[in-house]
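Survey of secondary and tertiary structure
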Amino acid sequence: MTETLADTSAESPEYPAPRAAGCPFDPAPALRDLQADKPLSRVRIWDGTSPWLVTRHDHLRALLGDPRISADPGSPGYPHTTAAAKSNFRTRRSFITMDDPEHARLRRMVTAPFAIRRIEALRPSIQKIVDDRIDTMLAGPGPVDLVEEFALPVPSLVICELLGVPYEDHDFFQRNTKVLVRRTSTPEDVLAASDALTGYLDDLLSAKRVRPGDDLLSTLATERVDTGQLTRHEAARTGVLLLAAGHETTANMIALGTLALLHHPDQLALLRDTEDPGTVAGAVEELLRYLTIVHSGRRRAALADIEIDGQVIRAGDGVVFAGEVANRDPEAFPDPDRLDLTRDARRHVAFGYGVHQCLGQPLARVELQVVYGTLYRRIPTLALATDVDRLRFKHDGFVYGVHELPVTW
């Protein structure tokens, strides 16, 4: 028996669903219930529409790998995350919200700098950034906010070096990025922040056309814009995407991952007491699976009827992929609610899946390997300087994390 539009009623559960009080690392209980009882079901989002919610790991991989599933927010039935996203999607387009062949054409323009070999060559400079930030923390008084003193500066410095963005502008781009990733931002606020970042990157690209450097923005300006392969707006929007995603997501993983490890001292000890690169790399994959900080779902729309597991997703239906609960699917990861740094978690979907999986995942992996492999060895007595229940978690954001993380040693 297939589900039809008649099943899209006001009784559908709301999404995103709230996490349980006292369980900051776990997905919302309502999502776990859906995964167990009705893993492919309708949910109600902010505008009253009822897209499908995908909660199982195998369903997610199958559908995100299906070319009949569109990432274009202009597609009929697309389930926008907020009113601001719906209002502004045409002016904020980048390759992650396009379908092939347009998506593939634009993505290819920036693929080379994120190739694994190129990113591995950055490991020594990333290590120096991490060590320098730890030196600065240790030289000053404690306690400190790990977010402001370490988790946010490290990926910001790295992405600035890669792109060719002056780090002294970090207050500007971090402030505007925060507006973009808050679900409560108004359409006007999002448009203003987006325009400010686009204008800023456009100015940088113009400067790099005159005086190029050894960085990605210079390559875009001289090899893509000047040759007519990209328009200036396309290049600027690509720069905004890479700059914003390149620091915000990794910063949240550093801080939330540290909190999770402090909450699991036996697992923290495994990282603190090893210098084995393979052990550290495996720990990164497990933390990515366990935390899955993109927690508002990846949004798509069906371009054709798709039958899966006895259900039919119709052309024009919206689809939301709840990666945070798919990564806790017991069919894919036994005992999924246990943080186990020795687990083989490489099949996680924290970076998405299919042609739209995160372009920057090689960079994020190396950054997290350096951070998790260094911070706890260099500060072995690192400890939380407040009660967990006093921390402010980013329930209002598209990316989950903590606003501050006071630590001492």
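Our structure is the block above this text.
Fair warning: this is a prediction, and the values are worked out from it, not measured in the lab.

**Description of the overall build of the chain**
When its secondary structure is counted, the chain shows 16 helices and ten strands. Relative to its length of 409 residues, the chain is compact, with a C-alpha radius of gyration of 21 Å against a globular reference of 22 Å. Judged by the C-alpha coordinates and their principal axes, the chain covers about 65 × 55 × 35 Å. Looking at the 409 residues of the chain, the share that counts as buried comes to 54%. The contacts in the chain between residues at least 6 apart in sequence include a share of 72% that link residues at least 24 apart. Taken as two groups, the 47 positive and 58 negative side-chain charges of the chain have centres that lie 3 Å from each other.

**A word on the nonpolar core**
Inside soluble globular proteins, nonpolar side chains tend to come together where they are buried. F150, V165, L256, Y372 and L375 are the most contacted members of the largest nonpolar core, which has 88 residues in total. Per-element accounting of this core gives the leading share, 13 residues, to helix 12 (residues 232-263). If we ignore the near neighbours within four places in the chain, the residues touching V165 are C160, F173, Y200, L204, L217 and L243. In this structure, V54, A302, I308 and V319 belong to the second largest nonpolar core, which totals 15 residues.

**Digging into helix 10 (residues 187-210)**
Across its 24 residues, helix 10 extends 35 Å between first and last C-alpha, which sits within 8% of the 34 Å expected from 1.5 Å per residue. Those residues of helix 10 that sit buried are V190, A193, S194, L197, T198, Y200, L201, D202, L204, L205 and K208.

**Here's the deal with the state of the cysteines**
On inspection of all chains with the given rule, the structure shows zero disulfides. Left without a disulfide partner, C160 is nearest to the cysteine sulfur of C358, which lies 17 Å away.

**Thoughts on the pairing of strand 8 (residues 318-321)**
Put simply, side chains in a regular strand alternate between the two faces of the sheet. Neither face of strand 8 is open: one carries G318 and V320, the other V319 and F321, and all of them are buried. Pairing between strand 2 (residues 52-54) and strand 8: three bridges, direction parallel. Opposite W52, over in strand 8, you have V319 as the bridge partner. In this sheet, strand 8 lies alongside strand 5 (residues 298-302) in antiparallel orientation, the contact comprising four bridges. Each residue of the ladder has a partner; that of R298, found in strand 8, is F321.

**Here we look at the sheet that holds strand 5**
Taken together, the five strands give an open sheet; going across it, the order is 1-2-8-5-3, and neighbouring strands pair in mixed fashion. The open sheet is flanked by strand 1 (40-42) and strand 3 (69-70), the only strands paired with a single partner.

**With respect to the packing of aromatic side chains**
Within this structure, the stated rule accounts for four aromatic pairs. Consider the rings of Y372 and Y376, whose centres lie 6.3 Å apart with planes at 15 degrees: the pair is stacked. Residue Y372 and its partner Y376 are located together in helix 16 (residues 361-378), separated by four residues, close to a single helical turn. For Y372, a relative accessible area of 0% puts it in the buried group. Under the relative-accessibility criterion, Y376 is labelled buried at 2%. Of note, R19 hangs over the ring of Y400, and the distance from its end group to the ring centre comes to 3.7 Å. Across the ring face of F333, the terminal group of R289 is positioned such that the distance to the ring centre comes to 5.3 Å.

**Description of the environment of T292**
Position of T292 among the secondary structure elements: in the loop between helix 14 (277-291) and strand 5. Expressed as a C-alpha distance, the spacing of T292 and V349, which sit 57 residues apart in the sequence, is 8.1 Å. Ignoring anything within four residues of it in the chain, the contact list for T292 reads L287, G323, E324, N327 and A350.

So, how was this worked out
- Residues numbered from 1 in each chain as written.
- Predicted model: local features only at pLDDT ≥ 70, side-chain atom pairs only at ≥ 80, totals over all residues.
- Heavy atoms only, no water.
- Helix = DSSP H or I, 4+ residues; strand = E, 2+ residues; numbered from the N terminus.
- Rg over C-alpha atoms; globule rule 2.2 N^0.38 Å.
- Buried < 20%, exposed > 50% of the residue type's maximum accessible area, 1.4 Å probe, protein only.
- Contact = heavy atoms within 4.5 Å.
- Lys, Arg positive; Asp, Glu negative; His and termini not counted.
- Charge placed at Lys NZ, Arg CZ, Asp CG, Glu CD.
- Core = buried A, V, L, I, M, F, W, Y, C linked by side-chain atoms within 4.5 Å.
- Expected span 1.5 Å × (residues − 1).
- Disulfide = S-S within 2.5 Å.
- Pairing = 2+ DSSP bridges.
- Phe/Tyr/Trp six-rings, centres within 6.5 Å; stacked < 30°, edge-to-face > 60°.
- Lys NZ or Arg CZ within 6 Å of the ring centre and 35° of its normal.

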